[in-house]
Amino acid sequence: MGQFLPFILMFVVVYFFMIAPQMKRAKKEKKFNAELKKGDKVITKSGVHGKVLELNDKDGSCIIETMSGKIKLERSFISMELSSKLNAPAVVKK
């Protein structure tokens, strides 16, 4: 048993520092995608800014309107972090 203790400790460390945070982030991103609604301002992972026009739950796609037109893409292409910053309330500094 003593010879397996370092491997067990290594697995526990890897789990808490790598696997658990990734699972938490994936759950948060899934919630974000489920809560998208028409009119939300979003930024895609490639940096395209737009506004959600339509959401299709059947195939997991959405249509966003940009300055140059409409784009149909997968919901997973929308960046949770960038879109959250875009929609965050402005903080006024005194």
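Each remark here, short or long, concerns the structure printed above.
Residue numbering note: each chain is counted from 1, following its sequence as written. The model is predicted, so local features are restricted to residues of pLDDT at least 70 and side-chain atom pairs to those at 80 or more, both for listing and for counting; the totals for chains, interfaces and linings are taken over all residues. Side-chain numbers come from the whole structure's heavy atoms, not from hydrogens or water.

### Points about the nonpolar core
Applicable threshold: Side-chain atoms within 4.5 Å link the members of a nonpolar core, which is a set of buried Ala, Val, Leu, Ile, Met, Phe, Trp, Tyr and Cys residues. Summary of the burial criterion: residues with accessible area below 20% of their type's maximum are buried, those above 50% are exposed, and those between are partly exposed, where the area comes from a 1.4 Å probe applied to protein chains only. It only takes one pair of heavy atoms within 4.5 Å for two residues to be counted as in contact.
Of all hydrophobic cores here, the largest spans nine residues; its members are F32, L36, V42, V52, C62, I64, L73, I78 and M80. If we ignore the near neighbours within four places in the chain, the residues touching I64 are V42, T44, K51, V52, L53, G69, K70, I71 and L73.

### A short note on the pairing of strand β3 (residues 61–66)
Just so we agree on the cut-off: Strands qualify as paired when DSSP identifies two bridges or more between them. Under the scheme used here, helices are H or I runs from DSSP no shorter than 4 residues and strands are E runs no shorter than 2 residues, and both carry numbers assigned from the N terminus.
As defined by bridge partners, strand β2 (residues 49–56) adjoins β3 across five bridges and the pair is classed as antiparallel. Counterpart to V52 in the pairing with β3 is I64. Hairpin remark: β2 followed by β3, antiparallel, with four residues in the connecting loop; positive phi at G60, about 70 degrees. Sheet topology note: the β3/strand β4 (residues 69–74) ladder contains six bridges and is antiparallel. Opposite I63, over in β4, you have K72 as the bridge partner. Here β3 hands over to β4 after two residues, the two strands then running antiparallel side by side.

### Topic: the environment of F32
Along the chain, the position of F32 falls in helix α1 (residues 5–34). Judged by relative accessible area, F32 falls into the buried class, the value being 15%. Residues F32 and E54 lie 22 residues apart in sequence; the distance between their C-alpha atoms is 16 Å. For F32, the contacting residues outside a window of four places in its chain are I78, S79, M80, S83 and S84.

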